[in-house]
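# Survey of secondary and tertiary structure
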Amino acid sequence: MSIIYDNNTKSFHLTAKNTSYILQIHEDGYLLHLYFGRKLRNFNCNSLLSLKERCSFSPNPDPCNYMLSLDTLPQEYPSYGTSDFRTPAYSIQLENGTTITDLRYESHKIIDGKPKLENLPATYVEDDAEAQTLEIVMSDSLIGLKVILSYTAYENYDAISRNVKFINSGNEDLKLLRALSMSIDFNNSDYDFLHLHGAWARERHIERTPLIIGTQSVESRRGSSSHNQNPFIALLSHDANEEYGDVYGFNLVYSGNFLAQAEVDQYKTTRVSLGINPFDFSWLLKPNENFQTPEVVMVYSSNGLGEMSRTYHKLYRNRLCRGTHRDKTRPILVNNWEATYFDFNAEKIESIGKTAKELGIELFVLDDGWFGKRDSDNCSLGDWVVDAKKLPNGLNDLAERINNLDLQFGLWFEPEMVSPDSDLYRSHPDWCLHVPGRSRTQGRNQLVLDLSRKEVCDYIVNSLSAILSSVNISYVKWDMNRNMTEIGSPCLPPERQRETAHRYMLGLYNIYEKLTTTFPNILFEGCSGGGGRFDAGILYYMPQIWTSDDTDAVERLKIQYGTSIVYPISTMGSHVSAIPNHQVHRKTSLKMRGDVAMSGNFGYELDLTKFTDEEKEAVKKQIKSYKALRELIQFGDMYRLLNPFDGHEASWIIVSEDKLEAFATYFRVLSTPNEPIRKLYLRGLDPDKNYSITGLDGAFGGDELMYSGITIPDLEGDYQSITWTLKAN
């Protein structure tokens, strides 16, 4: 069993593969956190919980027990105002204006499997034997508040998911001011804090710093998970690296505003919390109404950051991503954006398609500019009708031309936006997020549609469905190119205005659900100016995301390496683009661009017709190689070998689950004079197997390759790469 309740000690022991998570009900009804880490065979609750009498500045809810203070008690879902001065997990305002609540244990139940969340993405099971779920009901009897804390422990993954549901079973209105998805109290602060930060075109760079007294936090207030921060943090033991040490990962399955933080108090205990950002958020709960928080996936690894990543990768590939394409290899595509931008016609697109077919590409994607009067980014968003000037015979004609080349046809949309210069905006100027009387801030000459409104969501579903059902489309790139401002909705009363951002996300998820289930054979790819919404919430509906608008091979080393901390290779769109690169104007070899792009869902983002004959032959070889390795790359286990954030090198290896084949890469950004002989130490192989390696004579033991290493050959000049394909003999 994954979850055991001991009635004698009032304790819950949750086990997930090699992980234990232990809770206890205090005699006064508080829910305590006792342990999170390596799996325990058995335990003594008294040894796991250590209390100490503190000074009067840590008050005692029981005046007869000086050892008990909520300010020092390790809690599972703490509040503020009843003697705990640390960051609360939730906060509720009552009708009398006060915010004091007091949750105590009421009941619990253990369920086989994992219940589906209401209107929110989440990990899932396909068989109830895969997991068990613990639901603990906490209540505040004075105000009729019930809070259900849900924990799911996976049998075959070192993962435990958490979520919270608030229920107003009283007679008065309650207003949620803060509703985080999880909180956990560690009994020390001997950790490093890791998060993923960035900006447009340099997403998910790794930052690791020691915990200090006070609060370290990352967040988004942009209406999306954002380029700037990602809804993921981890605590690592100071000695932890890719292979060794304790690592605790926390990832929010949500695509909107979030807060993730670690607070170290005066006694050097650490409170980690994660959920919807309480900034500019509230939610009115009338009697008999409820509120469901998003899910947090917690992963523990006793074998370093690499094992934590591989757990997330496998869980997300198999039990977060869904649908027809979840287990299918993804097609090699060409996207016309950097080839043509807005300047194209059917003949130009067809000419690129003909070259694509010649090279072995499988999918052509028509990007921005095919609709309305879209000759630049200053008009037509929302008008999802074909531009008759560029495509006088319509989308069906172009799709047929592409299909006749034996290529699949894909299409770009940006459905969440509206241009002020559009028929949609002229007909419905109130359909965008706005506050009456205030100016409407534009980004990329566009406004954000108000997805908290049903009629707006229905318009998007109907407009896109009309196209997707009438044209032979195999792939959709779903873009979103600005963040939210003037967040308000005229359809909501004053007391609900701060619900707008979350209602937007619920509306978006509802749109996704309808379209992806209505058109299950279409491969949907998420995008937000590249990687501005690369999160687990999107992956529930779309099994891959455009990793970054920055397609420079050197920059992509860091972007893809950082993204792999949480998200699997099968979710990363990765393309070869032209040089000089359009984002950083760097010139790199076609080989290096191809080698980097192969560590993802492979494709091209350039004008194929401009290739020389020599370049075409090189591309044919790239595509042939990727097709042979595609299943391994997209669904194998990734081991990071050299960190590009530490110097001018990067390396990783992808190994099949059965250890019979592997694909290893090495990249050098800058050369140095008179270099020493270097070796690369591979990981993840079977030490008892022998492997043949492309380009090298003889057989090599897996143990030799991992412990003695493989010699990196001499490489001349900057921006160099080499790959090896390994097969067990």
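Residues numbered from 1 in each chain as written. Predicted model: local features only at pLDDT ≥ 70, side-chain atom pairs only at ≥ 80, totals over all residues. Heavy atoms only, no water.

### A short note on the sheet that holds strand E38 (residues 720-728)
Read across the open sheet, the 6 strands follow the order E31-E32-E33-E38-E35-E36; overall the sheet is antiparallel. Whereas interior strands pair on both sides, the edge strands pair on one side only; in this sheet they are strand E31 (637-642) and strand E36 (699-701). In this sheet, neighbouring strand axes are inclined to one another by 25° on average, regardless of whether the strands run parallel or antiparallel. As defined by bridge partners, strand E35 (residues 690-693) adjoins E38 across 3 bridges and the pair is classed as antiparallel. Opposite Tyr-691, over in E38, you have Ala-728 as the bridge partner. Contacts from helix H10 (residues 553-563) reach E31, strand E32 (649-655) and strand E33 (661-668), with the element oriented near 45° to E32. (Pairing = 2+ DSSP bridges. Helix = DSSP H or I, 4+ residues; strand = E, 2+ residues; numbered from the N terminus. Axes fitted to C-alpha atoms, helices over the stretch in contact; angles between N-to-C directions. Contact = heavy atoms within 4.5 Å.)

### Thoughts on the sheet that holds strand E23 (residues 408-413)
Note on sheets: strands pair through backbone hydrogen bonds, and any given pair is parallel or antiparallel. Ordered in space as E21-E22-E23-E26-E27-E28-E29-E30, the 8 strands form a closed barrel in which the pairing is parallel. Ignoring strand direction, the axes of neighbouring strands in this sheet form an average angle of 30°. Sheet topology note: the strand E22 (residues 363-366)/E23 ladder contains 4 bridges and is parallel. Looking at the pairing, Phe-364 lines up with Phe-409 of E23. In the packing of helix H5 (residues 394-404) onto the sheet, contacts are made with E22 and E23, and the angle to E23 comes to roughly 140°. Set on the sheet, helix H11 (residues 590-597) makes contact with strand E29 (572-577) and strand E30 (601-605); between it and E29 the angle comes to about 170°.

### Let's talk about the environment of Met-638
Position of Met-638 relative to the elements: it lies in strand E31. Sequence separation between Met-638 and His-648 is 10 residues; the distance between their C-alpha atoms is 20 Å.

### Description of the domain arrangement of the chain
For the chain, the assigned domains are domain 1 (74-314) and domain 2 (642-728). One C-alpha centre belongs to domain 1, the other to domain 2; they are set 38 Å apart. (Domains from an automatic or database assignment.)

### Structural notes on unusual backbone geometry
With an omega of -5°, the peptide bond running from Ile-579 to Pro-580 counts as cis. Located in the positive-phi region is Lys-268, a residue other than glycine, with phi close to 60°. By secondary structure assignment, the location of Lys-268 is in the loop between strand E16 (258-264) and strand E17 (270-276). You will see that Asp-406, though not glycine, has its phi angle at about 65°, which is positive. Mapped onto the elements, Asp-406 comes out in the loop between H5 and E23.

### Considerations on the side chain of Asp-367
Mapped onto the elements of the fold, Asp-367 is located in the loop between E22 and H5. Relative accessible area serves as the criterion here: at 3%, Asp-367 is assigned to the buried category. Here Lys-477 takes part through its side chain, which lies 3.3 Å from a polar atom of the side chain of Asp-367. (Buried < 20%, exposed > 50% of the residue type's maximum accessible area, 1.4 Å probe, protein only. Polar contact = N/O pair within 3.5 Å; in protein donor to acceptor, adjacent residues only side chain to side chain.)

### Concerning the UniProt feature "binding site: substrate" (unreviewed entry) in the chain
Taken from the UniProt record, the annotation "binding site: substrate" (unreviewed entry) applies to Trp-200, Asp-367, Asp-368, Arg-444, Lys-477, Trp-478, Asp-479, Met-480, Asn-481, Cys-527 and Asp-549. Among the structural elements, Trp-200 can be located in the loop between strand E11 (191-199) and strand E12 (202-210). Non-local contacts of Trp-200, meaning those with residues more than four positions away in its chain, are made with His-227, Gly-529, Asp-549 and Gln-583. Looking at the element boundaries, Lys-477 is found in strand E26 (residues 475-478). Among the residues examined, Lys-477 registers a relative accessible area of 5% and is labelled buried. (UniProt positions renumbered as here; feature names shortened; annotations may be inferred.)

### A short note on the packing of H10 against H11
One way to put it is that H10 packs onto H11 with a least axis distance of 9 Å and a crossing angle of 15°. Classed by the angle they form, the pair H10 and H11 counts as roughly parallel. Handedness of the crossing formed by H10 with H11: left-handed. For the pair H10 and H11, contact is made by Ala-553, Val-554, Arg-556, Leu-557 and Gln-560 and by Met-592, Arg-593 and Val-596, respectively. Within the contact of H10 with H11, the residues separate by chemical class into 5 nonpolar, 1 polar and 2 charged. (Parallel < 35°, antiparallel > 145°, perpendicular 65-115°, else oblique. Left-handed = near helix turned anticlockwise from the far one by under 90°. Nonpolar A, V, L, I, M, F, W, Y, C, P; charged D, E, K, R; others polar.)

### Some points on helix H12 (residues 613-635)
Here H12 contains 23 residues, and its C-alpha end-to-end distance of 33 Å stays within 8% of the 33 Å for a straight helix at 1.5 Å per residue. At Leu-629, H12 shows its maximal kink, close to 60°. (Expected span 1.5 Å × (residues − 1). Bend = angle between axes of the 7 residues up to and from the residue.)

### Examining the nonpolar core
Ranked by internal contacts, the top residues of the largest apolar core, which has 187 residues, are Phe-166, Phe-250, Leu-366, Trp-370, Phe-409, Tyr-604 and Leu-608. Counting residues domain by domain, this core receives three or more from each of domain 1 (74-314) and domain 2 (642-728). In this view, Trp-370 contacts Phe-344, Trp-384, Val-385, Val-386, Asp-387, Leu-391, Leu-395, Leu-411, Trp-412, Phe-413 and Ile-467; residues no more than four positions away in its chain are not counted. If you look at the next biggest cluster of nonpolar residues, it comprises 21 residues, including Leu-685, Leu-705, Trp-724 and Leu-726. (Core = buried A, V, L, I, M, F, W, Y, C linked by side-chain atoms within 4.5 Å.)

### Structural notes on the packing of H11 against H12
The N-to-C vectors of H11 and H12 enclose an angle of 20°; their axes lie 11 Å apart at closest approach. Looking at the two axes, H11 sits roughly parallel to H12. Remark: the crossing between H11 and H12 carries right-handed chirality. On H12, the residues that touch Leu-590, Lys-591 and Gly-594 of H11 are Glu-615, Ala-618, Val-619 and Gln-622. Per-class residue counts for the contact of H11 with H12 are 3 nonpolar, 2 polar and 2 charged.

### Comments concerning helix H2 (residues 304-319)
With 16 residues, H2 ought to run about 22 Å at 1.5 Å a step, and its terminal C-alpha atoms sit 23 Å apart, in line with that. Counting buried positions along H2 gives 13 out of 16 residues, so the element sits mostly inside the fold.

### So, the pairing of strand E10 (residues 174-186)
Among the 13 residues in E10, 12 count as buried, and that is most of the element. Sheet analysis places strand E5 (residues 90-93) next to E10, joined by 4 bridges and oriented antiparallel. From the neighbouring strand, Gln-93 faces E10, where its bridge partner is Lys-175. By the bridge criterion, 3 bridges tie E10 to strand E18 (residues 283-285) in an arrangement that is antiparallel. Pairing of Lys-175 across the sheet is with Leu-284, part of E18.

### Considerations on the packing of aromatic side chains
Scanning the model with the defined rule gives 37 aromatic pairs in all. Taken together, a centroid distance of 5.7 Å and an interplanar angle of 65° make the contact between Trp-431 and Tyr-459 edge-to-face. Note that Trp-431 is positioned in the loop between helix H6 (423-427) and strand E25 (447-448) and Tyr-459 in helix H7 (residues 454-468), a separation of 28 residues in sequence. The exposure class assigned to Trp-431 is buried, which follows from its relative accessible area of 9%. Connected via pairs of aromatic rings, a cluster forms that spans Tyr-21, Phe-36, Tyr-151, Phe-186, Tyr-191, Tyr-248 and Tyr-300. One Lys or Arg, Arg-221, reaches over the ring of Phe-279 and ends 5.4 Å from the middle of that ring. (Phe/Tyr/Trp six-rings, centres within 6.5 Å; stacked < 30°, edge-to-face > 60°. Lys NZ or Arg CZ within 6 Å of the ring centre and 35° of its normal.)

### A closer look at the environment of Asp-190
Residue placement: Asp-190 occurs in the loop between E10 and E11. If we ignore the near neighbours within four places in the chain, the residues touching Asp-190 are Leu-236, Ser-237 and His-238.

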